[in-house]
Amino acid sequence: MRKYQKAGYWLGEVVGDIIENGRARFPDRIALSFQGKHVTYEALGRRVNRLALHLLDMGHRPLERLILQLPNVPQTLYLYFAAVKIGVIPVMTLPAHRQAEIGYFADFTHATSYAIPKAFRGFDYVKMAQEISSQTPTLKHVFILDGDVPSGFISLTTLLEDPIEERENAQAILKEARPDPLWPAVFQLSGGTTGVPKLIPRTHNDYNYNSSLCQILSGSGPDTALLIGIPITHNFPTTFLQ
């Protein structure tokens, strides 16, 4: 650890810092585009912080696990960065995973939260979430991407529309919740070619360094536009987004 710090590989930054850095450097530039709509760094920062405050208000605490199983939509990024910003660890699952994988991840990680679409490509995620919740005592919150929200589930749209930052001392709360850079930031998954994918913990320090190297080797920078055609929760696109 000291070797990496002394060499300048680990800079003591957390994954969530990228949001505030972008917001400070170029607030009016486009951070992401989706279906013809654009989100600036300023808007991205506001939405990430809003969700982070809601997660804390709901009782989320550092090092708790959140299973992230959302498709390629802006809300996936909002929730991912909101979680890592307050030390909650996203478990980066894929939309194609089903009860065998998600049930195992929920049980093994003692997950407290789970984020899903209501349906995607003809599959009913609500029914699966209900079954997994009944078998996982630690699972307290299930977030729904959109549509009518079943009883006991939480609408991400509703949270994003609720300006909790106007009722709270947002800056002080988020500063207090900032995780240690040596903590796990995210649980990525192995390929799963020999069975259920294995969980791979990535710390804030090492994931940030990994991201910086990927950008250098690919020649990407502030003016690069990245078209993502694979699940955004996969390790490759997640690394490039930081």
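Whatever comes next refers back to the structure up there.
An account of the accompanying structure is given in this report. The numbers attached to residues start from 1 for each chain and follow its sequence in the written order. Only residues with pLDDT of at least 70 are given local features in this predicted model, and only at 80 or more are side-chain atom pairs given and counted; all residues enter the totals for whole chains, interfaces and linings. To get the side-chain values, take all heavy atoms of the structure and skip hydrogens and water.

**Notes on the pattern of salt bridges**
What counts as a salt bridge is simple: a side-chain nitrogen of Lys or Arg found within 4 Å of a carboxyl oxygen of Asp or Glu. For the coordinates displayed, the defined rule picks out nine salt bridges. With a shortest N-O distance of 3.7 Å, E20 and R23 are connected by a salt bridge. Taken together, the residues span about one helical turn, with E20 and R23 both in helix α2 (residues 17-25) at a distance of three residues. Across the pair E20 and K85 runs a salt bridge whose closest N-O atoms are separated by 2.6 Å. Placement of the pair is E20 in helix α2 and K85 in helix α4 (residues 74-85), with a sequence separation of 65 residues. Given a relative accessible area of 29%, E20 falls into the partly exposed group. Burial status follows relative accessibility: with a 1.4 Å probe on protein chains alone, a residue under 20% of its type maximum counts as buried, one over 50% as exposed, and anything between as partly exposed. On the accessibility criterion, K85 (10% relative accessible area) is buried. Helix numbers and strand numbers start at the N terminus; a helix is a DSSP run of H or I with at least 4 residues, a strand a run of E with at least 2.

**Some details on the nonpolar core**
Side-chain atoms within 4.5 Å link the members of a nonpolar core, which is a set of buried Ala, Val, Leu, Ile, Met, Phe, Trp, Tyr and Cys residues. In terms of nonpolar packing, the biggest core is built from 42 residues, with L51, L68, L79, Y80, F81, I86 and F143 touching the most fellow members. Contributing elements (two or more residues each) for this core: α3 (41-57), β3 (65-68), α4, α7 (156-161), α8 (170-177) and β10 (184-189). Dropping the residues within four chain positions of it, I86 is found in contact with A52, L55, L56, P62, L174, A177 and P179. Formed by 20 residues, the second largest nonpolar core is a distinct cluster that contains I67, M128, L139 and I144. Any two residues having at least one pair of non-hydrogen atoms within 4.5 Å are treated as being in contact.

**Quick notes on the packing of α3 against α4**
For any two helices packed against each other, one specifies the inter-axial angle together with the distance between the axes. Note on geometry: axes are C-alpha line fits, over the in-contact stretch for helices, and angles between N-to-C directions span 0 to 180 degrees. Where α3 meets α4, the closest approach of the two axes is 8 Å, and the angle between their N-to-C directions is 60°. Judged by the angle between their axes, α3 and α4 are oblique. Of the two elements, α3 crosses α4, and the hand of that crossing is right-handed. Where α3 abuts α4, its residues L44, R47, V48, N49, L51, A52 and L55 lie against Y78, L79, F81, A82, A83 and K85. Each residue gets one of three labels, nonpolar for Ala, Val, Leu, Ile, Met, Phe, Trp, Tyr, Cys and Pro, charged for Asp, Glu, Lys and Arg, and polar for the others, Gly among them. Residue composition of the contact of α3 with α4, grouped by class: ten nonpolar, one polar and two charged. Under this scheme an angle from 65 to 115 degrees is roughly perpendicular, one under 35 degrees roughly parallel, and one over 145 degrees roughly antiparallel; angles in between are oblique. In this scheme the crossing of two helices becomes right-handed for a clockwise turn of the near helix relative to the far one and left-handed for an anticlockwise turn of less than a right angle.

**Examining the packing of helix α5 (residues 99-109) against helix α6 (residues 125-135)**
Two numbers describe how α5 lies on α6: the axes approach to 10 Å, and their chain directions differ by 35°. As for the relative orientation of α5 and α6, their crossing is right-handed in sense. Side by side, α5 and α6 meet where Q99, I102, G103 and A106 of the first sit next to M128, E131, I132 and Q135 of the second. Here the residues of the contact of α5 with α6 are counted per class, giving four nonpolar, three polar and one charged.

Honestly, it's all geometry; don't read function into it.
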